[in-house]
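Residue-level listing of the chains:
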Amino acid sequence: MICSIIVRNKGSFRHIAAFGLLILLIANILETYGKDFFHVNTMQLLQFDRFGFLFNSIALGATLIYVLLTGKEIEKSGKYAAEYFTLIFFVLCGIFILSAYDNLLMLFLGIEIMSIPLYILTGSDKRNLKSNEAALKYFLMGAFSTGLMLMGIALMYGGTGTFQLEVQRISVGMYKGVSFLEITGLLFLMVAMAFKVSAAPFHFWTPDVYDGAPAVFTSFMATIVKAAAFVAFIKLCDVRMTATLGAIDWKLLFALIIVFTLLIGNITAVFQQSVKRMLAYSSIAQAGFMLFALFNVNDVAKEGLLLYTAAYSLATIGIFAILVKMKDYTFEGYNGLAKTQPVLAATNTVFLLSLAGIPLTAGFFAKYYMLAAVVKTGSYIWLVVVGVLFAAVSVYYYFRVIQAMYFRNGNAATETITFSFKTGLIILAAIIILIGILPQVLLNWFYF
Amino acid sequence: MILVWMISILLTGGLLCWLAGRRNNELVKWIALLTLLVDFVLVGNLWFQHQGVVTSGASTWFIDYKINWIPSFGISFHVAADGLSAVMLALTFFLGILSVLCSWNEITQRTGFYYFNLLWTLAGITGVFVALDLFLFYFFWEVMLVPMYFLIAIWGDKNRRYAAYKFFIFTQAGGLLMLISILTLYFIHASQTGTYSYDYFDLLNTKPEPSTAKWIMMGFMIAFVIKLPVVPFHNWLPDAHSEAPTAGSLILAGLLLKTGAYGIIRFVLPLFPQASAEIAWWAMLFGVIGIIYGAMLAFAQTDVKRLIAYTSVSHMGFVLLGIFAFREMAMQGVVMQMVTHGISTGALFVLAGMIKERLHTRDIGQMGGLWTSMPAMGGVAMVFTMASLGLPALGNFVAEFLILMGTFFVNVPFTVIATLGLVFSALYSLRLMQKVFMGPPKEEKHLKDFSTRELIIMAVLSISIVFLGLYPQPVMDMVKGVVLHLTMRS
């Protein structure tokens, strides 16, 4: 199943890429409803379930929109346009593995397939020092974290004797079978995953990499890739966390990570001068919110995470698509955009409101789900309180962009904006509002 | 269904304004005015139709409309109206019409977008006053926020961005805390009965543990007391009120503050009777502090609009005091206070706006002797400052008197202190009057008195405040059933 994806990735122009994505999307949706074309025996390495399929659809849909909106910019960002698309397809391939892995080795493979092309994409702007720095930083940090992950997997193997995600425990006498090795391994794994989703205190690479990489690729990294890491993480938490750490109060640790992530993401975002860097920190803050889903894995949380990834990805892709068109990435660069490009400003406002979680947008229901997932259990309400207070803080920096666009005078310089680009943005904004009014549209698939 | 119509008329009216704003600015104003007039007629019709029903006291709800919205979570579009809602709706559309009239000439830029925001804020407020699904309630609570933010941030005064931010973040933080409480209540209800529902009537039967109930109630309370505002959370109010355009101040003071009081009456008391009885003493204490503190700060202001804003803090202290007395009389007074404060403070803000249009300042120090050139305005201003200090025969007197009477049975010291607040209010009101309208004129410049449009606005407001002062019975009859129901429960 997955193989068919790799075959297609030789598209050299964005149209072919978009077309390929469309076909994949259709194929994926068909498979969701049980019409598969050919069957591959995955030897229990991969397991395809509804959750994974739905996420794949979201990832594909988001990538499709991404390519349609910013395809031209991808071509412009360096000499090897075709290769960039190829790399994006490789990343997608990694994402599909992550959404379906059933074996820790596959998890490792998926993460690697996803990450390595990203290192290259980050450094694709060869003559830019910042881009190079970012790539190197990303690579070193990323390599280190994968090292930890591999170490963790090895330890877990040592503890349980299998790579499978779900362990059949045989109780031998008094000994129930959770060894010290296994716990340590799981902690290593957790750290590595926290690194990938840029949760504090493993977030330090994020601002530099997101800021240094060409904006088009930041957009991709900050949305679809991050969402995929979350999907992998939630699966790990779902199956393994309580099984292994049962007696240990890991939730407190997790809660601290969430608070820390929210704190750093939100507070630092407030002080940024560049919209791009602000978005990098805001993505950390958003990650803090998505972590709520992992905190307490239940149906609400899973659905919520899907909705959150969709809402967050769509909005962020839109914002970045506009950002790429801007000549100046600072807040001042947006001054007076409402006058020069009313459509851009209006759609950008919708995207920002969605990120801030204001009703009538998809972001509101996404946040709602996250909160509901934790509130449902009745414990750790204080964590939710902290969460919403930071959500109120986040309003400040999202609204700064809106203020710049609408209330300040200036001449926001943009590249030439085509009609189709505007239409794309309007459709994207419409989707976000539609999900904001009727979230069932997306979620009905889940129940189906 | 008529309630749904009211909201959708406002929403479509807003969109029409936005569209029409590209071509014709005159048309926009008429569309906005017409929209609100239609709604006002609808609510008036509602009032007369159901007056008999309300006074007979069979059921307090006379309109109830419910359709599913997101059935899988038990979220429904449930709107209903009882006497209290009807009074608040009437006030909403009444002040809405005036807010359109008073921004007739003030707003010259982006007129279409302005009226769009105005109407959408009003739609949100309308929704808040009729929503009976807690999720829907939260939804409208937020919907009224964003357009208001734009109103302040685009058409406000010099410091508008700061004020708009502050307003938004304060209310948003409160709103989100309320959301947590709503969610908690929702899940507790689900664990007790097995069905997921946000419906008001379902949640009324939920009995959380007393200790939990207290915390859940605090979440609701914090959202409402920020809106009301009660003293430690009043910080956003002076900035927002003074920087907003005239219509914005009118809506803020006249309607948005009332949503806080409405929320307490509608949700906090019925949902958590026991927990609210427990905090009653504290709430009344904060009410009293608000009365005195607001009055003192009002006295110290040099900016007309800030002064009026602080009087709101003081007057809303009475509301809090009255609600937590749990007496029929006090509760009647609270509803009266909500209506009359909306009218009187709204009128003062409109006057301040008119003065600013003429003098281009809000500084009291630069005014003085305005009576000579504008006798009509002076006279009207006199009426409303008197109303605000609680002169008999004007609406506010009735309200404050009822509240004080009601609380006297409950807590004598608090009532005494609150009555002292009335003395303070005389101080700041008279100071306002004296500095602005009396004394020797500062400038020899000739200032125009009321235009016809302004005269209509002020005449309507004056008539209504006098009417409510002399014959408050219609309002009291309307809310009687609700009030009795409430005080009997607790």
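The rules behind the values
Residues numbered from 1 in each chain as written. Chains lettered and ligands numbered in written order. Predicted model: local features only at pLDDT ≥ 70, side-chain atom pairs only at ≥ 80, totals over all residues. Heavy atoms only, no water. Helix = DSSP H or I, 4+ residues; strand = E, 2+ residues; numbered from the N terminus. Buried < 20%, exposed > 50% of the residue type's maximum accessible area, 1.4 Å probe, protein only. Contact = heavy atoms within 4.5 Å. Areas by Shrake-Rupley, 256 points an atom, 1.4 Å probe, with all protein chains shown as cover. Salt bridge = Lys/Arg side-chain N within 4 Å of Asp/Glu carboxyl O. pLDDT = per-residue confidence, 0-100. 1 Å grid on protein atoms, 1.4 Å probe; cavity = no way out; pocket = protein on both sides within 12 Å on 5 of 7 lines; lining within 4 Å. Points joined across faces, edges and corners; volume = space filled by probe spheres on them. Nonpolar A, V, L, I, M, F, W, Y, C, P; charged D, E, K, R; others polar. Buried area = accessible area lost by both parts, 1.4 Å probe. Polar contact = N/O pair within 3.5 Å; in protein donor to acceptor, adjacent residues only side chain to side chain. Phe/Tyr/Trp six-rings, centres within 6.5 Å; stacked < 30°, edge-to-face > 60°. Lys NZ or Arg CZ within 6 Å of the ring centre and 35° of its normal.

### Concerning the overall build of chain A
- The helix and strand inventory of chain A stands at 18 helices and 0 strands.
- For chain A, the residues scored as buried account for 62% of the 448 residues in total.
- A fraction of 82% describes how many contacts in chain A between residues 6 or more apart in sequence connect residues 24 or more apart.

### Digging into the overall build of chain B
- Of the regular secondary structure elements, chain B holds 20 helices and 2 strands.
- Seen along its three principal axes, the alpha-carbon backbone of chain B occupies a region of about 75 × 60 × 45 Å.
- Put simply, chain B has 490 residues, and 67% of those count as buried.
- Carbon and sulfur atoms make up 67% of the accessible area of chain B, which amounts to about 16,600 Å² in all.

### Let's talk about the pattern of salt bridges
- Enumeration over the complete set of coordinates arrives at 16 salt bridges over all chains.
- Of the charged contacts in the structure, one is a salt bridge between R362 of chain B and E243 of chain B, with a shortest N-O distance of 3.5 Å. Residue R362 of chain B is found in the loop between α14 (328-359) and α15 (370-373), and its partner E243 of chain B is found in helix α10 (residues 236-243); the two are separated by 119 residues along the sequence.
- The buried category is assigned to R362 of chain B, whose relative accessible area is 16%.
- A relative accessible area of 7% means that E243 of chain B is categorised as buried.
- When the shortest N-O distance is used, the salt bridge between E454 of chain B and R358 of chain B registers 2.9 Å. A residue pair is termed long-range when its members are at least 10 positions apart, and E454 of chain B in helix α19 (residues 452-470) and R358 of chain B in helix α14 qualify at 96 residues. Summarising the burial analysis for this pair, E454 of chain B and R358 of chain B share the class buried.
- Each of the salt bridges in this network shares a partner with another, and the network as a whole consists of K130, E133, K137, D208, D211 and R277 of chain A.

### So, the confidence of the model for chain A
Residue and element names in this part refer to chain A.
- Predicted confidence across chain A gives a mean pLDDT of 81, with 86% of residues reaching 70 or more.
- The low-confidence segment residues 1-11 (pLDDT under 50) makes 20 contacts with residues lying over four places distant or belonging to another chain.
- Within the model, the stretch residues 171-175 combines pLDDT values under 50 with 1 contact to residues more than four positions away or in other chains.

### A look at the layout of surface pockets
- Here the second largest pocket is characterised by a volume of approximately 750 Å³.
- Among the elements of the structure, α16 (381-407) of chain A together with α7 (160-193), α9 (210-227) and α12 (273-300) of chain B are those that each provide at least two residues to the lining of the second largest pocket.
- Residue contributions to the lining of the second largest pocket peak at 9 residues, all from α9 of chain B.
- Its residues assigned to classes, the lining of the second largest pocket comprises 21 nonpolar, 5 polar and 2 charged.

### Things to note about the interface of chain B and chain A
- Counting residues at the interface gives 34 residues for chain B, matched by 34 residues for chain A.
- Counting the surface chain B buries against chain A, the share from its top three residues, R161, Y165 and I180 of chain B, is 19%.
- Our count for the chain B to chain A interface comes out at 6 residue pairs in polar contact (both at pLDDT 80 or more).
- Where the side of chain B that touches chain A is concerned, the elements lending two or more residues are β1 (61-70), α5 (134-143), α6 (145-155) and α7 of chain B.
- Among the elements that line the side of chain B that touches chain A, the one with the most residues is α7 of chain B, at 15 residues.
- For the side of chain B that touches chain A, the residue count by class is 28 nonpolar, 2 polar and 4 charged.

### Considering the packing of aromatic side chains
- Under the criterion given, the structure shown has 64 aromatic pairs over all chains.
- For the ring pair F135 of chain B and Y198 of chain B, a centre distance of 5.4 Å and an interplane angle of 50° mean the geometry is tilted. Placement of the pair is F135 of chain B in helix α5 and Y198 of chain B in the loop between α7 and α8 (200-204), with a sequence separation of 63 residues.
- Judged by relative accessible area, Y198 of chain B falls into the buried class, the value being 1%.
- Sitting above the plane of the F289 of chain A ring, K367 of chain A keeps its charged end 4.8 Å from the centroid.

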